[in-house]
Amino acid sequence: LRRHLHLLAVIYFFLFVAYRWMIKPLFQFSAALEARQPGSLEKFDEDAAPKELATVIHALNDYVQRLNHTLQSYEKFVADTAHHLRNSFAVIDSQVNFARRAAITGNAPPQDVLGAIQATLARCTRVINQLLMLAVLDQKQKTAVPAGAVPLAGIVTEVIEELAPLGLQQDI
């Protein structure tokens, strides 16, 4: 019996060593993941990866590529929106300065200047409402229900409730 226990201990030892040797690539990949900087979207080198992890690394690289594309789209959208809003506010500022100068000289600001200010503010409001709607849609997409039957009546009611203030503002 003692001999069998010694043999069993030797077998367990070699099994443990073999197990550690077999999953060493997984530990190395785990260490490589942990060593990455937060926000890093670099692809993993598939050629240098162990063949056991090739499909996982390929799938991860594909995900990183799609995520990078999405982030670039968001960055472009934010940059375009910021540019549009900055220009709109610069136009409003110049229109207000023109109206002030007209008031200082004793001339009442022309109605077309006030109308232009109001139109520029309406454009800014539209852009801001679009941003808010995008944020709402993005949040709903993240919490979306898996594919299946869609409660259309509930969605229509929710959209009408969300857009009602905008419709009232536009006298619709």
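To be clear, the structure that these remarks concern was listed above.
Not measured: the values here are computed from a predicted model.

What counts as what
Residues numbered from 1 in each chain as written. Predicted model: local features only at pLDDT ≥ 70, side-chain atom pairs only at ≥ 80, totals over all residues. Heavy atoms only, no water. Helix = DSSP H or I, 4+ residues; strand = E, 2+ residues; numbered from the N terminus. Rg over C-alpha atoms; globule rule 2.2 N^0.38 Å. Contact = heavy atoms within 4.5 Å. Areas by Shrake-Rupley, 256 points an atom, 1.4 Å probe, with all protein chains shown as cover. Lys, Arg positive; Asp, Glu negative; His and termini not counted. Charge placed at Lys NZ, Arg CZ, Asp CG, Glu CD. Salt bridge = Lys/Arg side-chain N within 4 Å of Asp/Glu carboxyl O. Buried < 20%, exposed > 50% of the residue type's maximum accessible area, 1.4 Å probe, protein only. Expected span 1.5 Å × (residues − 1). Core = buried A, V, L, I, M, F, W, Y, C linked by side-chain atoms within 4.5 Å.

## Some points on the overall build of the protein chain
- Of regular secondary structure, the protein chain possesses 5 helices and 0 strands.
- Tracing the protein chain from N to C terminus, the helices and strands come up as α-α-α-α-α.
- The C-alpha atoms of the protein chain give 31 Å as radius of gyration, which overshoots the globular expectation for 172 residues (16 Å, by more than 25%).
- Overall size of the protein chain, expressed as C-alpha extent along the three principal axes, is 110 × 40 × 30 Å.
- Counting only contacts in the protein chain whose residues sit at least 6 apart along the sequence, the fraction spanning at least 24 positions is 55%.
- As displayed, the protein chain has an accessible area near 14000 Å², and 65% of this comes from carbon and sulfur atoms.
- For the protein chain, the separation between the mean place of its 16 positive charges and that of its 16 negative charges on side chains is 9 Å.

## Quick word on the pattern of salt bridges
- All chains considered together, the criterion is met by 2 salt bridges.
- Asp62 is the partner of Arg66 in a salt bridge, and the nearest nitrogen-oxygen pair spans 3.3 Å. Of this pair, Arg66 and Asp62 are both found in helix H3 (residues 54-104), 4 residues apart, which corresponds to roughly one turn of the helix.
- Judged by its relative accessible area of 34%, Asp62 is partly exposed.
- Asp80 is the salt-bridge partner of Lys76, the closest N and O atoms lying 2.8 Å from each other.

## Details of H3
- Look at H3: 74 Å from first C-alpha to last across 51 residues, which is about the 75 Å you get at 1.5 Å a residue.
- All of the buried residues in H3 are Ile57, Asn61, Val64, Thr81, Leu85, Ser88, Ile92, Gln95, Ala99 and Ala102.
- Count one or two residues on from H3 and you reach Gly106, which has phi positive near 95 degrees.

## Remarks on the nonpolar core
- Phe29, Phe44, Ala49, Leu53 and Ile57 together form the largest nonpolar core, which totals 5 residues.
- Contact partners of Leu53, with chain neighbours within four places excluded, come to Pro25, Leu26 and Phe29.

## Concerning helix H1 (residues 2-22)
- Relative to the 30 Å expected for 21 residues at 1.5 Å per residue, H1 spans 30 Å between its end C-alpha atoms, a close match to the ideal helical length.
- The buried fraction of H1 is low, at 0 of 21 residues.

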